[in-house]
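Chain by chain, the residues:
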Amino acid sequence: MDTLQQEGDELEWKESARWVKFEEKVEEGGERWSKPHVSTLSLHSLFELRTCLQTGTVLLDLEGYSLPQIVDDIIERQIEEGLIGPELRDKISFVLLRKHRHQTKKPIHRSLADLGKSGSGVTRSPARSPAAGANFNRSIEDLRSKQAFFILCSLLFQLKNKFMKKIPRDAEASNVLVGEVDFLEKPFVAFVRLSQATTLGGLTEVPVPTRFLFVLLGPLGKAKSYNEIGRAIATLMVDDLFSDVAYKARDREDLIAGIDEFLDEVIVLPPGEWDPKIRIEPPKKIPSADQRKSVFNLNELGQMNGTAGGGGPVSEDEEMPVPHELGEELAYTGRFCGGLFLDIKRKLPWYPSDFYEGFHIQSISAVLFIYLGCITNAITFGGLLGDATDNYQLSSFLFCLFSGQPLIILSSTGPILIFEKLLYEFSKNNGIDYMELRLWIGIHSCVQCLFLVAMDASYIIKYMTRFTEEGFSSLISFIFISDAIKKMVGSFKYYPINTDFKPDYVTAYKCECLAPDTSKDLVPSTGGFILNITALDWTQLSKKECVKYGGSLVGKSCKYVPDLALMSFILFFGTYTMTVTLKKFKFSRYFPTKVRPLISDFSIFMSIMTFVGLDMLIGLQTPKLIVPTEFKPTRADRGWFVMPFGKNPWWVYLASFVPALLVTILIFMDQQISAVIVNRKENKLKKGCGYHLDLIWVGFLMAACSFMGLPWYVAATVISIAHIDSLKMESESSAPGEQPQFLGVREQRLTGILVFVLTGVSIFLAPILQFIPMPVLYGVFLYMGVASLSGIQFWDRIKLIMMPAKHQPDFSYLRHVPLRRVHLFTLLQIVCLAVLWILKSTFLAIIFPVMILGLMVIRKMLDMVFSQHDLAWLDDILPEKEKKKKEDEKKNTKKEKKKGKGGNDSEDVSVLVA
């Protein structure tokens, strides 16, 4: 929007505000743009705008190629309609063709009138210069040779404008010109829509073609009113619904009807209850045009939104939660391996793009993050697995090449560790060879997985609602958090803080090296050679040399160890804190737009490098990452493969079917729940999923890992969620003030493959990895556990218990479900989570897989405690075919009744509208 201003003796159009989606004003100092904010319009300005369109000139689909021609057509129409006299033609043309000064630059081009005026030296305003029309006519003749040059200079400058990056492609401009002049007695108003968008030289700040033009010139004394009307039409033009009306309008009445529809949605703020000077920050989320249309239609018909399960009505600004639907991937086919064939058919066309779409800088940060997470996970769970099974296992795995959902990361998990530990203790106590028993369990489990795939058993995943998903994912997240904290607390036991050290008594602390028995001059040393002890000055030996040569250390300070525990805690908590801070950096106000997402994507890597550097700078001997330097079995008494026969009785081969069934249940639940979480609609995945294809590969790999004595790997929920988060895509071009829109996830196989390739070649990276302190990796481990809790409704409801009602966030379910019912539902989830935690920590952990399956049974029982309306908001409604059929029949009968009423319905509607 440009306003007419007096600069010395000249008039010029000066840019005062702009809209891409939200309003930006030129600050009073004129040096910068304001922050984007929601436009606040006076109701009076909207009514005045309506009057302007009723009484002014409206030109729709005007053939316009240049600003002078458009101005001539507007003035000609005004004269034809008798709105102005012919004597005002030159004066209005002179004003409308003045130069335009934009906020981003000094004026490098001049208007058409200025170019002509430069030769004659006339600089008077139209009110004082009766020869303005003649000057304008002469300028047209002088411009022929200069016009192209100045327009070219203007466009070259505009192309360098960074503001262009904020404007969507194929955007078209609406220019608003408002001002007051002393030669008009009544307002001069024109609304123009060009048949084709045209670039009108330097009329716009950026090289965007103009499609709409609104002109308002009026008598002196009403500048503020004209400015408000200009702001009103500019705000309307960036409104999705009104702009659609403006593009499709056939006459003046359609535009006025569009303003009336806009007024129907206007919300008035009482002037005594808010400060109009306050600029309203753009909201994080706004309703789409389709949602606004549906609400408007409902209001027009006087109807309320439907309810679920007999609950109360839904407010106009609220939608019912999306029904629990997992798509056609889990449809029961009834054919042998029908679901598997459909998965292959669905994923095969996307297979080439799964590789070339991974070539992006975001993939590098994702690979580094997930690689370090897998390394930490392997040390935490793999190391524990080694301790629990007397170092019987290796770690190496590759899954992403042929799976149905390559975004899922397979790794050792807490539940698998629990089962393996119990199985090892059982074998040891009963004299059964563990590796052979484990092999047969893996074979049986593989066969059972293949049977489940053949029978489309993944269909039961439809009955896994938010209750089951959040219970299981919360359990895994808490395992990550607790294990990271346990490891950190353990360092205080290995390296206790020197609480006995007293600085005032530092003179009493000493450590001396005493020589061994001096009756023998020659004694054997630990190095294997004979040492002459009398030739050594034992007081000058170091601590290591004293022990090496057989001396003894005497003194209070001999056992002194630096405060490694405190340093480890600094590295641990510092890594976690810095990662959390940098991850949120893309929402900060610092640095350019391109730099912020880059810092956020590489937050893990930057945090690790920072605290690795700090550790090297301090120089303390903190515990470091230990990576094997050669590829071989972990025990000398075993080969690369486990033999299936020869060490256990024959009945063990058959009896292993029972523990294999528990393993299959655990793998099925762990794998499929993780897949459901990854494939949520919120992630906007476009390539589909493959529950059956994933399960069959997990089954094959179960058998392969059992034969090679490798750990059993299943979907790692927390690491998979972290993988999804590290690959999320957002819109690059967004309007000023508008939050970047989430576009989806970068679906590809390359990151997963590279993660496991790096894990495999970690042996060769040992010289580099050995500098990474373990507390730094535990900080990463803690971050993954905490980050996976974000966005979980269960965790949000737990925090609500400790909040007073007036400080609780405005969650949608709090508007529709009583708070006591929300707390009851949360309490039941906490009880279920506590039971699972206790089971995994006791000897009853053997039935842990069955209890995870029991979550689905408990969810079914909740239908007797909560109404379907409450469950629709707090959880998901279970898919029941009979209930859906009944609801469809009810809807059909209602529609038939409405059709039968006919004219009576229209009478009711008219009364409600009135």
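Calculation notes
Residues numbered from 1 in each chain as written. Predicted model: local features only at pLDDT ≥ 70, side-chain atom pairs only at ≥ 80, totals over all residues. Heavy atoms only, no water. Helix = DSSP H or I, 4+ residues; strand = E, 2+ residues; numbered from the N terminus. Buried < 20%, exposed > 50% of the residue type's maximum accessible area, 1.4 Å probe, protein only. Contact = heavy atoms within 4.5 Å. Areas by Shrake-Rupley, 256 points an atom, 1.4 Å probe, with all protein chains shown as cover. Expected span 1.5 Å × (residues − 1). Patch = residues over 30% accessible without salt bridge, like charges linked within 9 Å, V, L, I, M, F, W, Y side chains within 5 Å. Salt bridge = Lys/Arg side-chain N within 4 Å of Asp/Glu carboxyl O. Phe/Tyr/Trp six-rings, centres within 6.5 Å; stacked < 30°, edge-to-face > 60°. Pairing = 2+ DSSP bridges. Axes fitted to C-alpha atoms, helices over the stretch in contact; angles between N-to-C directions. Core = buried A, V, L, I, M, F, W, Y, C linked by side-chain atoms within 4.5 Å. Parallel < 35°, antiparallel > 145°, perpendicular 65-115°, else oblique. Left-handed = near helix turned anticlockwise from the far one by under 90°. Nonpolar A, V, L, I, M, F, W, Y, C, P; charged D, E, K, R; others polar. pLDDT = per-residue confidence, 0-100. Polar contact = N/O pair within 3.5 Å; in protein donor to acceptor, adjacent residues only side chain to side chain.

### Points about the overall build of the chain
In step 1: Helix and strand content of the chain: 34 helices and 17 strands.
In step 2: In the chain, which comprises 914 residues, the share counted as buried stands at 47%.
In step 3: A separation of at least 24 residues holds for 77% of the contacts in the chain among residues at least 6 apart in sequence.
In step 4: Of the accessible surface of the chain, which amounts to about 46,800 Å², a share of 61% is contributed by carbon and sulfur atoms.

### Concerning helix α7 (residues 223-237)
In step 1: Between the first and last C-alpha of α7 there are 21 Å, a value that for 15 residues agrees with the 21 Å anticipated at 1.5 Å per step.
In step 2: Summarising burial for α7: 11 of the 15 residues are buried, a large majority.
In step 3: Buried within α7 we find Y226, E228, I229, G230, R231, A232, I233, A234, T235, L236 and M237.

### Here we look at the environment of E357
In step 1: Here E357 lies in the loop between α12 (353-356) and α13 (361-388).
In step 2: Accessibility expressed as a relative area gives 30% for E357, which makes it partly exposed.
In step 3: For the pair E357 and E747, spaced 390 residues apart in sequence, the C-alpha to C-alpha distance is 7.5 Å.
In step 4: If we ignore the near neighbours within four places in the chain, the residues touching E357 are K687, R746, E747 and Q748.

### With respect to a nonpolar patch on the surface
In step 1: Taken together, the side chains of F492, I497, L566, F569, I570 and F573 present a nonpolar region at the surface, about 500 Å² in accessible area.
In step 2: Counting residues per element, the nonpolar patch draws most heavily on helix α18 (residues 564-583), at 4 residues.
In step 3: With respect to the helices, strands and loops of the structure, I570 is situated in helix α18.

### Re the pattern of salt bridges
Side-chain pairing between opposite charges can occur once the charged atoms of the two side chains come close.
In step 1: According to the stated counting rule, one finds 29 salt bridges in the structure shown.
In step 2: Of the charged contacts in the structure, one is a salt bridge between E470 and R797, with a shortest N-O distance of 3.6 Å. Of this pair, E470 sits in helix α16 (residues 466-494) while R797 is found in helix α28 (residues 793-801), placing the two residues 327 residues apart along the sequence. Residue E470 shares its accessibility class with R797, and that shared class is buried.

### Here's the deal with α18
In step 1: Helix length check: α18, at 20 residues, gives a terminal C-alpha distance of 28 Å against a target of 28 Å (1.5 Å per residue), a fit within 8%.
In step 2: Among the residues making up α18, those that are buried are L564, A565, M567, S568, L571, F572, G574, T575, Y576, T579, L582 and K583.
In step 3: Buried residues along α18 sit in contact with α16, α19 (595-601), α20 (603-618) and α27 (774-787).

### A few points about the packing of aromatic side chains
In step 1: Under the counting rule described, the total for this entry stands at 13 aromatic pairs.
In step 2: Geometrically, the ring pair formed by F191 and F212 is tilted, given 6.0 Å between the ring centres and 40° between the ring planes. Highlighted residues: F191 in strand β8 (residues 188-198) and F212 in strand β9 (residues 210-218), separated in sequence by 21 residues.
In step 3: Given the relative accessible area of 3%, F212 is considered buried.
In step 4: Each ring, one from F811 and one from Y813, has its centre 5.4 Å from the other, and the planes form 15°; the classification is stacked.
In step 5: An aromatic cluster of three or more residues is present, and its members are F191, F212 and Y247.

### Here we look at the sheet that holds strand β1 (residues 2-7)
In step 1: With respect to topology, 7 strands assemble into an open sheet ordered β5-β8-β9-β7-β1-β2-β6, the strand pairing being mixed. Edge positions in the sheet fall to β5 (57-62) and β6 (100-101), since each of these pairs with one other strand and no more.
In step 2: As paired elements, strand β7 (residues 173-180) and β9 share 8 bridges and run parallel to each other. Residue L177 lies in a different strand from β9, and its bridge partner there is V215.
In step 3: Against the sheet, α7 engages β1, β7, β8 and β9, with an angle of about 170° to β7.

### Focus: the nonpolar core
In step 1: Core analysis: the biggest nonpolar cluster contains 120 residues, and F369, I370, M669, W712, I719 and M784 have the highest contact counts within it.
In step 2: Sort the elements by how many residues they give to this core and helix α22 (residues 657-678) lands first, with 13 residues.
In step 3: In contact with F369, not counting residues within four places along its chain, are I604, A722, S726, V780, Y783 and M784.
In step 4: One finds I75, I84, L96 and L184 within the second-largest nonpolar core, a separate group that totals 30 residues.

### So, the environment of Q739
In step 1: Structurally, Q739 can be placed in the loop between β16 (728-730) and β17 (742-745).
In step 2: Judged by its relative accessible area of 30%, Q739 falls in the partly exposed class.
In step 3: As for Q739 and K284, which are separated by 455 residues in sequence, their C-alpha atoms are 6.0 Å apart.
In step 4: In contact with Q739, not counting residues within four places along its chain, are P283 and K284.

### A word on the pairing of β9
In regular strands, side chains alternate between the two faces of the sheet.
In step 1: In terms of burial, β9 is largely enclosed, as 9 of its 9 residues are buried.
In step 2: The pairing of β8 with β9 spans 7 bridges and is classified as antiparallel. From the neighbouring strand, A190 faces β9, where its bridge partner is V215.

### Quick notes on the packing of α18 against α27
In step 1: The geometry of α18 relative to α27 is characterised by a closest axis approach of 7 Å and an angle of 45° between their N-to-C directions. Relative to α27, the element α18 is oriented oblique. Remark: the crossing between α18 and α27 carries right-handed chirality. Here S568, L571, F572, T575, Y576, T579, V580 and K583 of α18 lie close against α27, whose contacting residues are P775, V776, Y778, G779, V780, L782, Y783 and V786.
In step 2: A breakdown of the residues in the contact of α18 with α27 according to their chemical character gives 11 nonpolar, 4 polar and 1 charged.

### With respect to unusual backbone geometry
In step 1: Its identity is not glycine, yet D61 carries a phi of approximately 60°, on the positive side.
In step 2: In this structure, D61 sits in strand β5.
In step 3: Positive phi, close to 55°, is recorded for K684, a residue that is not glycine.
In step 4: You can see K684 is positioned in the loop between α22 and α23 (691-708).
In step 5: You can call K684 partly exposed: its relative accessible area is 42%.

### Things to note about the confidence of the model for the chain
The predicted structure's coordinates, where accompanied by low pLDDT, should not be read in detail.
In step 1: Residues at a pLDDT of 70 or more form 76% of the chain, whose mean pLDDT is 76.
In step 2: Put simply, helix α34 (residues 903-913) is where the chain has its lowest mean pLDDT, 34, and β9 is where it has its highest, 93.
In step 3: Here residues 106-152 is a poorly scored stretch, pLDDT under 50, and it has 57 contacts once near neighbours within four places are set aside; other chains count.
In step 4: A low-confidence stretch, residues 298-317 stays under pLDDT 50, and its non-local contacts, those more than four residues away or across chains, total 32 contacts.

### Some words on the environment of Y590
In step 1: You can see Y590 is positioned in the loop between α18 and α19.
In step 2: Dropping the residues within four chain positions of it, Y590 is found in contact with F585 and R596.

### Considerations on the side chain of K583
In step 1: Looking at where K583 falls in the secondary structure, it is placed in helix α18.
In step 2: When neighbours within four sequence positions are excluded, K583 is seen to be in contact with S600, S603 and Y783.

### Comments concerning the packing of α28 against helix α30 (residues 819-840)
In step 1: Running from amino to carboxyl end, α28 crosses α30 at an angle of 115°, the nearest separation of the two axes being 10 Å. Of the possible angle classes, the one that applies to α28 and α30 is roughly perpendicular. Handedness of the crossing formed by α28 with α30: left-handed. Counting all contacts with α28, which are made through F794, R797, I798, L800 and I801, the residues of α30 involved are V822, H823, F825, T826, Q829, I830 and L833.

### What to know about the side chain of S477
In step 1: As for its position among the elements, S477 is in helix α16.
In step 2: Judged by relative accessible area, which is 1%, S477 ranks as buried.
In step 3: Polar contacts involving the side chain of S477 include one to the side chain of S788, which spans 2.6 Å.
In step 4: The residues touching S477, leaving out its near neighbours within four places in the chain, are V718, G785, S788 and L789.

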